[in-house]
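Each chain, written out:
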Amino acid sequence: MTEGAGIRTGDLPDDLTAAEAGMWQAFRNGSAYDLRSGDTAVDDPHGGHPWGPERSVRARIVAWLLLDGPPALAGRVSSLKLTGVQILDTLDLAGGTIMPYVELKGCRFEKEILLPEARFTTLRLVDCSVPRLEAARVHTEGDLHLPRCRFQNGVRLTDAHIGTDLLLNQAVVYRDRRGHSITADGMTVGQDLQAEMLESHGELSLRSAKVGVSLSLRGAQLTNPYTRLALNAPQLTVERTLYLTPAGVGNPRLTSGTTPARGTRVQRFECRGGVRLDDGRFGDAVDLERARFVLDDDQELSLRRVQAPELRFLGERPERGKVILSGARIVTLIDRWTSWPGPGDLHMGGFTYENLVPQDAFPLARRLEWVAAATAEYAPEPYERLAAVLRNSGEDEDAREVLLAKQRRRRETLPLAAKLWGYAQDWTVAYGYRPGRAAVWMAVLWAAASVAFAHASHPPVSKEGHPEWNPSLFALDMLLPVIDLGQQGQWALSGGWQWVQAAVILLGWILATTVAAGATRLLRRS
């Protein structure tokens, strides 16, 4: 019987092998077709044991069933459910519309799977060995599941549309000839994209992808020694949370997508290669709890212009490479000081945040080191942002310390004369942020001058009339450059006391000027 004959009646074609005939009948019955031997080592689709003709079906027969298969038996729904089957040649469903439910478990594909522009209801490949999956612009009404599969030459899902969930949990994907493991640029996922404990060897590309709920890379291991980026996802949109966090290992009761409880053995998210999340939009958070980034000197963890209500920067400090937050807009920053890189490796120009929730011990001195590390050259913006956040949370004293640190950092960029004037303002009134110092300095100078002038020769300028000599009032009259207490012009000092008098007057002017400068700064800030 030729192909196509007897399809309407469901008759078996004449040229089917025994394995194919069994698959044909199982398809019409909607039942699972299991060709496993029972030996775990032999049945491993990723192992080296050969599978003979008794476990092999031709790809064109599989395509025939899916695209134009026989009718289901009475009272049944046709579906393709294969377990432990080897598919020979290339499975080509490009452009086709596949209505039956498709689920292949522990199967071995001899050649690549071609699904460009194909349409499925639901497609599940579980623990299968596939040379390559080519599925650009594939469309599924339901799920696309690829857990525990191994792809020797990459996966392409460019502009794919997944109606509900995309699952890549525990999949192992090796790079294609362009160095990409998974290429999913422009992909849309209706609900969750779960790639927990994914093992990616090459660039995982999610440029301009959209995820309707959350994107979970819990416990994933991303490695790309070939090019600069291991995760390339600029303009990624995730309606809820991006998880680059640990996953529980060896606990069958641990539901996928949940955070492991304390004491559970976990596998951390680890990325060996650059990460690019520039211009990403995240509805709830970007979570980097315990994440590990292993970067080269020229690689980056780039979060430029990212927008998210919450950034949980709680990973391990990168030993090399750079962390870039330039232009990012975060509402709440949750971090710990041990997660941030050192000077020269952190860039935060234009980084805005409204709330700080430090984890563990994160004293203000460490926070100032954090700001200094992000500004190789002086820039006022990070200091002013930190001060504003601290002030809004009621920590006014810490906010003043930050602004004082800003002035001290700025002072180092000034010419010598301005730098000396800056030191004077710092020593006297701490640039106006510690106004109480002015009173202390005034009291010390007044006491010292009073004691000194008590021993000075002080003939009156005019013998006809003069007030009674009072060394304390005389010293105070010279220290206050604006107020006249009627003492300074009444007595004539001579010799070295004139130099002492000039020094006291000069110190009074310096103190008054620095107080005025500090007061002006305080008024301008308020």
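Further up the page is the structure itself.
Residues numbered from 1 in each chain as written. Predicted model: local features only at pLDDT ≥ 70, side-chain atom pairs only at ≥ 80, totals over all residues. Heavy atoms only, no water.

J.: Explain empty space enclosed by the protein to me, and be specific about the residues and the numbers.
T.: Applying the stated rule across the entire model yields 4 cavities of 30 Å³ or more. One number sums up the size of the largest cavity: a volume of about 80 Å³. Looking at the largest cavity, the residues that line it are Val62, Leu66, Leu91, Leu93, Val102, Leu104, Phe109, Ile113, Leu115, Phe120, Leu123 and Leu125. Every element with two or more residues in the lining of the largest cavity is listed here: α3 (59–68), β7 (101–105) and β11 (123–126). (1 Å grid on protein atoms, 1.4 Å probe; cavity = no way out; pocket = protein on both sides within 12 Å on 5 of 7 lines; lining within 4 Å. Points joined across faces, edges and corners; volume = space filled by probe spheres on them. Helix = DSSP H or I, 4+ residues; strand = E, 2+ residues; numbered from the N terminus.)

J.: Break down the sheet that holds strand β5 (residues 91–92) for me, citing the residues and quoting the values.
T.: Across the sheet, 11 strands lie side by side as β5-β9-β13-β17-β21-β25-β29-β35-β39-β41-β43; this open sheet has parallel pairing. Looking at the sheet topology across the chains shown, the edges are occupied by β5 and β43 (346–347). Bridging between strand β21 (residues 180–183) and strand β25 (residues 203–205) involves 3 bridges; their strand directions are parallel. Bridge assignment links Ile182 to a residue of β25, and that residue is Leu204. (Pairing = 2+ DSSP bridges.)

J.: Give me unusual backbone geometry: which residues, what numbers.
T.: Peptide bonds are, in most cases, trans, and in most cases residues other than glycine have a negative phi. The phi dihedral of Ser208 is positive, around 60°, even though this residue is not glycine. Residue class for Ser208 comes out partly exposed when judged on its relative accessible area of 31%. With a phi close to 60°, Arg305 is a non-glycine residue in the positive phi region. Residue placement: Arg305 occurs in the loop between β39 (300–302) and β40 (307–313). A relative accessible area of 38% means that Arg305 is categorised as partly exposed. (Buried < 20%, exposed > 50% of the residue type's maximum accessible area, 1.4 Å probe, protein only.)

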